[in-house]
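What follows is the residue order along each chain.
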Amino acid sequence: KTKYSQYMFTDLSRFLIKLEELLPKSSFYDINKLQRDVKTEHESMERLKNKCIDNELTFEYFETHASRIDCIINNYNVQCKASSRKSHNIISFSINTYAGKINGKKISRPYSDIDGIDFFIMEMLNYKGDFYIIPIKEMINRGYIKTAECNGKKSIGLPKPGYTEDHWVKKYLNNFDQLTG
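**Quick notes on the overall build of the protein chain**
In terms of helices and strands, the protein chain carries 3 helices and 10 strands. When its helices and strands are written in sequence order, the protein chain yields α-α-β-β-β-β-β-β-β-β-β-α-β. C-alpha extents for the protein chain along the principal axes are approximately 65 × 40 × 30 Å. The buried share of the protein chain, reckoned over its 181 residues, is 31%. Intrachain contacts of the protein chain at a sequence separation of at least 6 include 57% that bridge at least 24 residues.

Structure below.
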(Lines give C-alpha, C1' and ligand atoms only; values in the text may rest on other atoms or scores of the structure.)
Protein backbone atom coordinates (compact mmCIF):
# COMPACT_ATOMS: atom_id res chain seq x y z
CA LYS A 1 0.00 0.00 0.00
CA THR A 2 1.29 3.46 -0.93
CA LYS A 3 0.18 7.00 -0.26
CA TYR A 4 -1.15 6.98 -3.85
CA SER A 5 -3.44 3.96 -3.37
CA GLN A 6 -6.56 6.13 -3.52
CA TYR A 7 -5.56 7.19 -7.06
CA MET A 8 -4.79 3.69 -8.35
CA PHE A 9 -7.34 1.49 -10.08
CA THR A 10 -7.38 -2.24 -10.62
CA ASP A 11 -11.05 -2.34 -11.57
CA LEU A 12 -11.78 -0.93 -15.04
CA SER A 13 -15.41 -0.12 -14.13
CA ARG A 14 -14.36 1.98 -11.12
CA PHE A 15 -11.79 3.75 -13.27
CA LEU A 16 -14.36 4.61 -15.96
CA ILE A 17 -16.82 5.92 -13.35
CA LYS A 18 -14.11 8.15 -11.85
CA LEU A 19 -13.05 9.33 -15.31
CA GLU A 20 -16.63 10.26 -16.15
CA GLU A 21 -16.87 12.15 -12.84
CA LEU A 22 -13.67 14.14 -13.46
CA LEU A 23 -14.07 14.80 -17.19
CA PRO A 24 -16.31 17.87 -16.74
CA LYS A 25 -13.55 19.43 -14.61
CA SER A 26 -10.99 19.12 -17.40
CA SER A 27 -10.22 21.81 -19.96
CA PHE A 28 -9.09 21.93 -23.55
CA TYR A 29 -5.51 22.85 -24.35
CA ASP A 30 -5.63 26.42 -25.72
CA ILE A 31 -2.33 27.85 -27.01
CA ASN A 32 -3.66 31.39 -26.46
CA LYS A 33 -4.13 30.79 -22.73
CA LEU A 34 -0.66 29.45 -21.97
CA GLN A 35 1.78 31.33 -19.75
CA ARG A 36 3.98 33.66 -21.79
CA ASP A 37 7.20 31.62 -21.40
CA VAL A 38 5.43 28.34 -22.21
CA LYS A 39 3.81 29.91 -25.27
CA THR A 40 7.17 31.36 -26.38
CA GLU A 41 8.83 27.93 -26.11
CA HIS A 42 5.93 26.31 -28.00
CA GLU A 43 6.22 28.86 -30.83
CA SER A 44 9.98 28.31 -30.99
CA MET A 45 9.47 24.55 -31.24
CA GLU A 46 6.96 25.08 -34.05
CA ARG A 47 9.62 27.03 -35.98
CA LEU A 48 12.07 24.20 -35.27
CA LYS A 49 9.52 21.66 -36.50
CA ASN A 50 9.17 23.61 -39.76
CA LYS A 51 12.98 23.70 -40.18
CA CYS A 52 13.05 19.94 -39.66
CA ILE A 53 10.41 19.48 -42.36
CA ASP A 54 12.45 21.73 -44.69
CA ASN A 55 15.54 19.59 -43.96
CA GLU A 56 13.62 16.30 -44.36
CA LEU A 57 14.10 15.35 -40.70
CA THR A 58 11.49 13.59 -38.59
CA PHE A 59 10.15 15.66 -35.69
CA GLU A 60 7.90 14.60 -32.85
CA TYR A 61 7.01 16.24 -29.58
CA PHE A 62 7.96 14.19 -26.54
CA GLU A 63 4.84 12.66 -24.97
CA THR A 64 5.20 14.29 -21.55
CA HIS A 65 6.31 17.65 -20.20
CA ALA A 66 7.67 15.99 -17.07
CA SER A 67 10.90 15.15 -18.86
CA ARG A 68 14.23 16.72 -19.82
CA ILE A 69 13.38 15.84 -23.44
CA ASP A 70 11.24 18.31 -25.40
CA CYS A 71 11.20 16.61 -28.78
CA ILE A 72 12.77 13.84 -30.82
CA ILE A 73 14.40 14.66 -34.15
CA ASN A 74 15.53 11.71 -36.29
CA ASN A 75 15.61 9.55 -33.13
CA TYR A 76 17.77 12.07 -31.22
CA ASN A 77 16.51 13.33 -27.85
CA VAL A 78 16.46 17.13 -27.86
CA GLN A 79 16.21 19.77 -25.14
CA CYS A 80 14.99 23.05 -26.67
CA LYS A 81 15.71 26.52 -25.35
CA ALA A 82 14.58 29.96 -26.47
CA SER A 83 15.90 33.24 -25.10
CA SER A 84 16.14 36.96 -25.74
CA ARG A 85 18.25 37.83 -22.64
CA LYS A 86 21.19 39.70 -24.07
CA SER A 87 24.41 41.29 -22.96
CA HIS A 88 26.33 43.01 -25.76
CA ASN A 89 26.66 40.46 -28.60
CA ILE A 90 25.79 37.47 -26.41
CA ILE A 91 22.40 35.90 -25.69
CA SER A 92 22.14 34.06 -22.37
CA PHE A 93 20.28 30.73 -22.10
CA SER A 94 19.33 28.89 -18.93
CA ILE A 95 20.64 25.34 -19.00
CA ASN A 96 19.27 24.13 -15.71
CA THR A 97 16.29 22.10 -14.63
CA TYR A 98 13.95 21.91 -11.68
CA ALA A 99 15.41 19.89 -8.81
CA GLY A 100 12.70 20.12 -6.16
CA LYS A 101 12.24 22.41 -3.18
CA ILE A 102 14.15 23.15 -0.01
CA ASN A 103 12.18 24.91 2.71
CA GLY A 104 9.49 25.77 0.16
CA LYS A 105 11.93 27.42 -2.26
CA LYS A 106 12.36 25.98 -5.77
CA ILE A 107 15.88 24.86 -6.59
CA SER A 108 17.49 24.00 -9.90
CA ARG A 109 20.49 22.06 -11.07
CA PRO A 110 22.53 22.00 -14.27
CA TYR A 111 21.50 19.44 -16.86
CA SER A 112 23.32 16.14 -16.39
CA ASP A 113 24.96 13.57 -18.64
CA ILE A 114 22.36 11.05 -17.40
CA ASP A 115 19.32 13.13 -18.47
CA GLY A 116 19.13 11.32 -21.82
CA ILE A 117 19.70 14.43 -23.94
CA ASP A 118 21.55 14.07 -27.26
CA PHE A 119 21.35 17.69 -28.46
CA PHE A 120 20.50 21.13 -27.15
CA ILE A 121 18.77 23.28 -29.73
CA MET A 122 18.70 26.97 -28.87
CA GLU A 123 16.88 29.77 -30.67
CA MET A 124 17.54 33.45 -30.12
CA LEU A 125 14.16 35.14 -30.12
CA ASN A 126 15.65 38.25 -31.72
CA TYR A 127 16.70 35.99 -34.64
CA LYS A 128 13.72 33.70 -35.02
CA GLY A 129 14.40 30.68 -37.20
CA ASP A 130 18.13 30.55 -36.45
CA PHE A 131 19.05 27.62 -34.22
CA TYR A 132 22.23 26.54 -32.50
CA ILE A 133 22.24 22.72 -32.58
CA ILE A 134 24.83 21.67 -30.01
CA PRO A 135 25.68 18.02 -29.28
CA ILE A 136 25.62 17.02 -25.61
CA LYS A 137 29.20 15.74 -25.97
CA GLU A 138 30.40 19.25 -26.87
CA MET A 139 28.52 20.69 -23.88
CA ILE A 140 30.12 18.07 -21.62
CA ASN A 141 33.62 18.73 -23.02
CA ARG A 142 33.19 22.44 -22.32
CA GLY A 143 32.01 21.91 -18.73
CA TYR A 144 28.38 22.99 -19.17
CA ILE A 145 26.85 19.62 -18.26
CA LYS A 146 27.04 17.97 -14.84
CA THR A 147 29.03 14.73 -14.79
CA ALA A 148 30.79 12.72 -12.10
CA GLU A 149 33.87 14.89 -12.73
CA CYS A 150 32.22 18.29 -13.33
CA ASN A 151 29.55 20.36 -11.55
CA GLY A 152 28.20 21.83 -14.80
CA LYS A 153 26.80 25.34 -15.31
CA LYS A 154 23.31 26.81 -15.14
CA SER A 155 23.61 29.13 -18.14
CA ILE A 156 25.44 29.56 -21.42
CA GLY A 157 26.11 32.66 -23.50
CA LEU A 158 25.93 32.31 -27.29
CA PRO A 159 26.88 34.89 -29.91
CA LYS A 160 24.26 36.41 -32.17
CA PRO A 161 24.21 35.24 -35.80
CA GLY A 162 26.68 37.35 -37.78
CA TYR A 163 29.07 37.63 -34.83
CA THR A 164 32.44 38.29 -36.47
CA GLU A 165 34.84 37.13 -33.75
CA ASP A 166 35.88 33.50 -33.39
CA HIS A 167 33.68 31.40 -31.10
CA TRP A 168 33.54 27.62 -30.63
CA VAL A 169 29.75 27.45 -31.09
CA LYS A 170 29.51 29.21 -34.49
CA LYS A 171 29.92 25.91 -36.36
CA TYR A 172 26.65 24.70 -34.80
CA LEU A 173 24.46 27.56 -36.08
CA ASN A 174 21.75 26.03 -38.27
CA ASN A 175 23.85 22.87 -38.63
CA PHE A 176 20.96 20.47 -39.18
CA ASP A 177 23.25 18.01 -41.04
CA GLN A 178 24.48 16.54 -37.75
CA LEU A 179 20.91 15.34 -37.07
CA THR A 180 20.89 13.14 -40.19
CA GLY A 181 23.35 10.56 -38.84
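**Focus: the sheet that holds strand 8 (residues 119-124)**
One open sheet holds the 5 strands; their spatial order is 1-2-3-8-9, and the pairing between them is mixed. Whereas interior strands pair on both sides, the edge strands pair on one side only; in this sheet they are strand 1 (59-61) and strand 9 (131-135). Each strand axis lies, on average, 30 degrees off the axis of its neighbour in the sheet, ignoring direction. Where strand 3 (residues 76-83) and strand 8 come together, 6 bridges link them in parallel fashion. From the neighbouring strand, Ala 82 faces strand 8, where its bridge partner is Glu 123.

**Observations concerning the side chain of Thr 147**
Among the secondary structure elements, Thr 147 is positioned in the loop between helix 3 (136-141) and strand 10 (155-159). Beyond its immediate stretch of four places on either side in the chain, Thr 147 contacts Asp 113 and Ile 140.

**Considerations on empty space enclosed by the protein**
Under the criterion given, the structure shown has 1 cavity of 30 Å³ or more. In this structure, the largest cavity encloses a volume near 40 Å³. Only helix 2 (36-54), strand 3 and strand 8 provide two or more residues apiece to the lining of the largest cavity. Grouping the constituent residues of the lining of the largest cavity by class yields 6 nonpolar, 1 polar and 2 charged.

**Side note on the pairing of strand 3**
As paired strands, strand 2 (residues 71-73) and strand 3 are joined by 3 bridges and run antiparallel to one another. Within strand 3, the position partnered with Ile 73 by the bridge is Tyr 76. Connecting the antiparallel pair strand 2 and strand 3 is a turn made up of 2 residues, with Asn 74 showing a positive phi of about 45 degrees.

**Points about the environment of Leu 179**
Residue placement: Leu 179 occurs in the segment after strand 10. With relative accessibility at 0%, the residue Leu 179 sits in the buried group. On a C-alpha basis, the gap between Leu 179 and Leu 57 in space is 7.7 Å, while along the polypeptide they are 122 residues apart. Sequence-distant contacts of Leu 179, defined by excluding residues within four places in its chain, comprise Leu 57, Ile 73, Asn 74, Tyr 76, Phe 119, Ile 121 and Ile 133.

What counts, and where the lines are drawn
Residues numbered from 1 in each chain as written. Predicted model: local features only at pLDDT ≥ 70, side-chain atom pairs only at ≥ 80, totals over all residues. Heavy atoms only, no water. Helix = DSSP H or I, 4+ residues; strand = E, 2+ residues; numbered from the N terminus. Buried < 20%, exposed > 50% of the residue type's maximum accessible area, 1.4 Å probe, protein only. Contact = heavy atoms within 4.5 Å. Pairing = 2+ DSSP bridges. Axes fitted to C-alpha atoms, helices over the stretch in contact; angles between N-to-C directions. 1 Å grid on protein atoms, 1.4 Å probe; cavity = no way out; pocket = protein on both sides within 12 Å on 5 of 7 lines; lining within 4 Å. Points joined across faces, edges and corners; volume = space filled by probe spheres on them. Nonpolar A, V, L, I, M, F, W, Y, C, P; charged D, E, K, R; others polar.

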